[in-house]
Amino acid sequence: MNIRHHLSDPLLIAYAAGNLPEAFGLVAATHISMCDDCRARLGAFEAVGGALVEAESVALSAGCLEATLARLGMPETTKPLAKRSNLPAPLADYIGGDLAAVKWKPLGMGVRQAILPTGSGASARLLHIPAGQAVPDHGHRGTELTLVLRGAFRDATDRFGPGDLEIASEDLEHTPVAEAGEDCICLAATDAPLRFKALLPRLLQPLFRI
Amino acid sequence: MLLDLAPLSRPYGPVPKPLVRKRPVQVWQGIGQARVSEKASETDWAALLVAVRDRQDKAAFAALFQHFAPRVKGFLMKSGTEAGLAEECAQEVMATLWTKAQLYDPARASVATWVFTIARNRRIDIARKARRPEPEALDWGPDSEPDQADLYETAQETARLTAALSDLPEKQRALIQRAFYGDLSHSEIAAETGLPLGTIKSRIRLALDRLRQTMT
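Quick caveat, the model's predicted, so the values are computed rather than measured.

Participant: Hey, could you run me through the packing of helix α2 (residues 22–34) of chain A against helix α3 (residues 36–55) of chain A in this one?
Facilitator: Axes are the key here: two packed helices are described by the angle between their axes and the distance separating the axes. All names here are of chain A. Two elements in contact, α2 and α3, have axes whose closest approach is 5 Å; the angle formed by their N-to-C orientations is 115°. Listed contacts from α3 to H31, I32, S33 and M34 of α2 are D36, C38, R39 and L42. Considered class by class, the residues forming the contact of α2 with α3 number four nonpolar, two polar and two charged.

Participant: Would you mind showing me how to read the sheet that holds strand β9 (residues 177–178) of chain A here?
Facilitator: Sheet strands associate in pairs through backbone hydrogen bonding, adopting either a parallel or an antiparallel arrangement. Read across the sheet, three strands follow the order β7-β6-β9 (chain A) without closing on themselves; strand pairing throughout is antiparallel. Each of the sheet's edge strands pairs with one partner strand only, and the pair in question is β7 (159–160) and β9 of chain A.

Participant: Which parts of the structure should I look at to understand α2(A)?
Facilitator: Helical geometry note: an α-helix holds 3.6 residues per turn, so side chains three or four residues apart project in the same direction. When the terminal C-alpha atoms of α2(A) are compared, their 18 Å separation across 13 residues agrees well with the 18 Å that a helix rising 1.5 Å per residue should span. Burial of α2(A) is extensive: 13 of the 13 residues sit out of reach of the surface.

Participant: Is there a simple way to think about the interface of chain A and chain B in this case?
Facilitator: One widely used convention gives an interface's size as the accessible area the parts lose upon coming together. Residue-level contacts link 67 residues of chain A with 70 residues of chain B. Of the roughly 6,100 Å² buried between chain A and chain B, counting both surfaces, carbon and sulfur atoms make up 64%. Three residues, A:L52, A:V53 and A:E54, lead the burial of chain A against chain B; their summed loss comes to 11% of the area buried on that side. Here chain A is connected to chain B by seven salt bridges. A salt bridge links A:E56 to B:K78; the shortest N-O distance between them is 3.9 Å. Secondary structure elements with two or more residues in the side of chain A that touches chain B: α1 (9–16), α2, α3, α4 (64–71) and α5 (89–95) of chain A. Of the residues forming the side of chain A that touches chain B, the biggest block, 18 residues, is contributed by α3(A). Among the residues forming the side of chain A that touches chain B, the class breakdown is 39 nonpolar, 14 polar and 14 charged.

Participant: Could you clarify how one ought to interpret the nonpolar core in this entry?
Facilitator: Soluble, globular proteins show a tendency: their nonpolar side chains are buried together. Ranked by internal contacts, the top residues of the largest apolar core, which has 102 residues, are B:L64 and B:F180. No other element matches the 11 residues that helix α3 (residues 58–78) of chain B contributes to this core. Apart from residues lying up to four places away in sequence, B:F180 is in contact with A:I13, A:A16, A:A17, A:F45, A:V48, A:G49, A:L52, B:F75, B:F116 and B:R123. In terms of nonpolar packing, the next biggest core, distinct from the first, is built from 12 residues, A:I129, A:V148, A:F160 and A:A188 among them.

So, how was this worked out
Residues numbered from 1 in each chain as written. Chains lettered and ligands numbered in written order. Predicted model: local features only at pLDDT ≥ 70, side-chain atom pairs only at ≥ 80, totals over all residues. Heavy atoms only, no water. Axes fitted to C-alpha atoms, helices over the stretch in contact; angles between N-to-C directions. Helix = DSSP H or I, 4+ residues; strand = E, 2+ residues; numbered from the N terminus. Contact = heavy atoms within 4.5 Å. Nonpolar A, V, L, I, M, F, W, Y, C, P; charged D, E, K, R; others polar. Pairing = 2+ DSSP bridges. Expected span 1.5 Å × (residues − 1). Buried < 20%, exposed > 50% of the residue type's maximum accessible area, 1.4 Å probe, protein only. Buried area = accessible area lost by both parts, 1.4 Å probe. Salt bridge = Lys/Arg side-chain N within 4 Å of Asp/Glu carboxyl O. Core = buried A, V, L, I, M, F, W, Y, C linked by side-chain atoms within 4.5 Å.

In structure tokens:
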């Protein structure tokens, strides 16, 4: 896979620190599952966490070790991993299977979406955009992460193919268009509602929770 | 004379690869019973954790506990956890290290790094009862025993990183600490850490490349 658009350092650090909203964490984990570069960068940032753990020490109360020794469970044995899905494992976990298991809802113009259940702070959804079709022009109040799973899309900034991650900040107004030939399926997460320019999508927004 | 000649037999040839032990673990057998000095290095921690992993060595576990449990407690307190809860979590983190030792591979992460990831996940559980989506686990297979060169390399990296961290200007170090203690959101985190992470990244990348080759 030839991935050209990656997680930024701040996103990876926040993920390594365990401080991303769950929906962003899902996008990060899915991208990392597809991208060895980001997996290696994550390992390096986790090493910084390790160095910070080394740096601070606070004395324990007496009997702490004995209490822990008394509660040690049976060591777990590792099982060979079985490939269960045509999607990266973290995403398959949220869908409960592969793409065939997704319960799509129509968004109009042939675009379909499926909201994924995540905790507060940000929301995640799958988007299915027919080949050649545009997603309505929109801006963002916060950050929007869009990870391509199938097909590709283009917007004013660049082309995004499988595994590519677009990080759209507040100032980006864009109209992503799915490339001709193959439908585009994306995993998207936002930490604020999108801002559509046209009235109709804006009216539909509360209905579709986008 | 003959003895002198031996090292000269290939003076300019390629440097021979150090002999790789298939099971370097053997080298450390019994270390769990030995008294661990205050200045035990990263290779020692890795060896102790491997003893836990391969032989459920409780003495090795105790030595790891003495070193890491107070540090996990310190880390969690810095992350805003109250002392009593931090100590309880430190115990849970160490108990997890025991049960999940099978997942530890000294060639890919230092013990401190691995302990950090367990503590981080525990902190997420306490803080918001949210799930943490994890990247797809990779099947490193049964033949991924690290060699001594890898262990040495990881230990060196850890030492370099620790030194670099303490050499940073106070303000920059404080920002990194706040990011890892969970005080900063991704939009508040600076893009540059100023830390030498290139070698760690390359080593992990190389290991991943090797793994992908065996998978195809």
